[in-house]
Amino acid sequence: MRAFHLMDAPARRPWYRSLAREPLVHFLVAGIALAGLESLARPEAEPAAARVLEIDASVRRGLAEDWAHDHGTPPTEAELDARLEAWLDEELLYREGLLRGLDRDDPRVRARVATITASLLEAEHPIPEPDDEALRAFFEAHLDRYAEEARYDFTQVFVAGTDEAALARAAALLAELEAGASPIAMGDTYPGGRHYRGRRLTDLAQAFGPAFVAGFADVPDGRWSLHRSDEGLHLVRIESRTAASPADFERARADVEHDLLEDARSERTRAALRTLRARWRVLER
């Protein structure tokens with residue numbers, strides 16, 4: 001006999017709140033709807049009497065506490081009864097979805113369950129707050145993360161294409177710019193715009209490609225220069241730059257603590273997954 005015993009189960013939020021907050025329940029209910037009337041009407045694999053859902057005082061107590069948290073006052077008996085009915089509807093839909101295997105058939109539910117399980121594994125092995133010594137050791141081991149790169153403010157004129165015609169057009173525009181012409185309304189429209197502020201070379205390489213930043217740092221401020229990207233040709237004038245600076249622990253302390261904890265959590269999760277793999281025998285067919 002298949003039975004669900006909820007004598008010690010904490011109360012769950014009513015369906016009209018949980019569906020908006022819990023994607024797992026949402027996907028299960030959506031899966032039932034998508035299954036269609038035929039699925040809902042098919043003969044039961046087991047009699048309804050075999051399904052047991054037991055509710056004790058702890059469920060009502062949990063729902064009452066949930067109500068008080070949301071509203072600031074305890075619920076009346078009628079309000080608590082209404083919330084219990086809503087909770088029961090949600091619970092039955094949830095359990096029915098599990099019986100129908102919707103948790104296995106929907107990849108979104110599978111991903112959600114995996115995410116929740118990973119969170120539980122992480123919670124089982126909390127990371128202690130690092131002390132100053134640990135932070136400084138992590139900082140020293142990752143100095144490159146916390147050094148400040150040089151940043152550039154610049155203006156560009158874009159020419160679409162990289163063929164001979166585009167090169168000739170770019171050369172003509174460059175001559176006009178060097179002679180003092182205003183870059184306003186020159187060239188072709190570029191999605192990223194004409195003016196850039198505070199950009200690092202790593203940012204520019206990601207946005208425009210590595211060819212764009214080749215020799216970029218060596219161009220004097222105020223001088224127009226030609227740079228290539230996958231989209232075309234860029235006539236660039238560096239307006240100003242902020243020099244690079246070495247890593248500074250006090251300035252980077254918050255980032256160091258965040259990164260140390262994230263690295264530690266990732267390692268703990270990988271270790272937990274290795275342990276889980278050891279518990280399972282995986283067969284490939």
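Residues numbered from 1 in each chain as written. Predicted model: local features only at pLDDT ≥ 70, side-chain atom pairs only at ≥ 80, totals over all residues. Heavy atoms only, no water.

Student: Now, about the overall build of the protein chain: what can you tell me, with residues and values included?
Tutor: A tally of helices and strands in the protein chain yields twelve helices and six strands. Buried positions account for 30% of the 285 residues belonging to the protein chain. When contacts within the protein chain are restricted to residue pairs at least 6 apart in sequence, long-range pairs at least 24 apart make up 71% of them. As presented, the protein chain carries roughly 18,100 Å² of accessible surface, and 55% of it is formed by carbon and sulfur atoms. (Helix = DSSP H or I, 4+ residues; strand = E, 2+ residues; numbered from the N terminus. Buried < 20%, exposed > 50% of the residue type's maximum accessible area, 1.4 Å probe, protein only. Contact = heavy atoms within 4.5 Å. Areas by Shrake-Rupley, 256 points an atom, 1.4 Å probe, with all protein chains shown as cover.)

Student: Describe unusual backbone geometry, with residues and values.
Tutor: Even without a glycine there, the phi angle at A185 is positive, about 70°. As for its placement among the helices and strands, A185 is situated in the loop between α9 (164-178) and β4 (195-200). Note on A185: relative accessible area 71%, which makes it exposed.

Student: Lay out the packing of helix α3 (residues 57-71) against helix α4 (residues 77-99) in plain terms, naming residues and giving numbers.
Tutor: Any two packed helices are characterised by how steeply their axes cross, that is the angle between the axes, and by the distance between the axes. Closest axis-to-axis distance for the α3/α4 pair is 10 Å, and the angle between their directions is 110°. Relative to α4, the element α3 is oriented roughly perpendicular. Both α3 and α4 take part in a crossing whose hand is right-handed. Between α3 and α4, the contacting residues are V59, R60, L63, A64, D66, W67, D70 and H71 on the first element and E77, E79, L80, D81, R83, L84 and W87 on the second. Here the residues of the contact of α3 with α4 are counted per class, giving seven nonpolar, one polar and seven charged. (Axes fitted to C-alpha atoms, helices over the stretch in contact; angles between N-to-C directions. Parallel < 35°, antiparallel > 145°, perpendicular 65-115°, else oblique. Left-handed = near helix turned anticlockwise from the far one by under 90°. Nonpolar A, V, L, I, M, F, W, Y, C, P; charged D, E, K, R; others polar.)

Student: Now, about helix α6 (residues 107-124): what can you tell me, with residues and values included?
Tutor: Here α6 spans 26 Å end to end across 18 residues, near enough to the 26 Å set by a 1.5 Å rise per residue. In this structure D106 caps α6, since a side-chain oxygen of it lies 2.8 Å from the backbone nitrogen of R108. (Expected span 1.5 Å × (residues − 1). Polar contact = N/O pair within 3.5 Å; in protein donor to acceptor, adjacent residues only side chain to side chain.)

Student: Which residues make up the packing of helix α7 (residues 132-141) against helix α12 (residues 249-279), and what are the values?
Tutor: Closest axis-to-axis distance for the α7/α12 pair is 9 Å, and the angle between their directions is 90°. In terms of axis orientation, α7 runs roughly perpendicular to α12. Along its contact with α7, which presents D132, A134, L135, R136, F138 and F139, the element α12 presents F249, E250, R253, V256, E257, D259, L260 and D263.

Student: An account of the sheet that holds strand β3 (residues 151-160) is needed here, citing residue identities and associated values.
Tutor: Within the open sheet, the four strands sit side by side as β4-β3-β6-β5. Their pairing is antiparallel. Edge positions in the sheet fall to β4 and β5 (224-228), since each of these pairs with one other strand and no more. Neighbour-to-neighbour, the strand axes of this sheet turn through a mean angle of 40°, independent of strand direction. With ten bridges connecting them, β3 and strand β6 (residues 232-242) associate as antiparallel partners. (Pairing = 2+ DSSP bridges.)

Student: So what about the nonpolar core? Which residues, and what values?
Tutor: By size, the foremost hydrophobic cluster in this structure holds 14 residues, and its most contacted members are F154, L204, F212, F216 and I238. Not counting chain neighbours up to four residues away, the residues in contact with F212 comprise F154, L204, H227, R228, H234 and V236. If you look at the next biggest cluster of nonpolar residues, it comprises eleven residues, including A170, L173, L174 and M186. (Core = buried A, V, L, I, M, F, W, Y, C linked by side-chain atoms within 4.5 Å.)

Student: Quick one: what's the story with the pairing of β5, residue by residue and with numbers?
Tutor: Relative to β6, β5 runs antiparallel, the two being bridged by five bridges. Within the sheet, the bridge partner assigned to L226 lies in β6 and is L235.

Student: Talk me through the confidence of the model for the protein chain; I want residue IDs and the actual numbers.
Tutor: For the protein chain, per-residue confidence averages 83 on the pLDDT scale, and residues scoring 70 or more make up 82% of the total. Per-residue pLDDT stays below 50 along residues 1-21; that stretch engages in 58 contacts with residues further than four places along the chain or on separate chains. pLDDT under 50 marks residues 32-44. Its contacts with residues more than four places away, or in other chains, come to nine contacts. (pLDDT = per-residue confidence, 0-100.)

Student: Could you give me a rundown of the layout of surface pockets, with the residues and numbers involved?
Tutor: Space inside the largest pocket adds up to approximately 330 Å³. What lines the largest pocket is simply R110, V113, A114, T117, A118, L121, T269, L273, L276 and W280. Counting residues per element, the ones that place at least two in the lining of the largest pocket are α6 and α12. Considering each element in turn, the lining of the largest pocket owes the most residues, six residues, to α6. (1 Å grid on protein atoms, 1.4 Å probe; cavity = no way out; pocket = protein on both sides within 12 Å on 5 of 7 lines; lining within 4 Å. Points joined across faces, edges and corners; volume = space filled by probe spheres on them.)

Student: A description of the packing of aromatic side chains should follow, citing residues and the corresponding values.
Tutor: Tallied over the entire structure, the rule returns eleven aromatic pairs. An aromatic cluster is built from Y152, F154, F158, Y190, Y196, F208, F212 and F216, whose rings are joined through pairwise contacts. (Phe/Tyr/Trp six-rings, centres within 6.5 Å; stacked < 30°, edge-to-face > 60°.)

Student: Let's hear about the side chain of T155: which residues, and what values?
Tutor: With respect to the secondary-structure elements, T155 resides in strand β3. Of note is the side chain of T155, whose polar atom sits 3.1 Å from the side chain of H195. Polar contacts involving the side chain of T155 include one to the side chain of E239, which spans 2.8 Å. Here T155 is in contact with P183, R194, H195, W224, L235, V236, R237 and E239, once residues within four sequence places are set aside.

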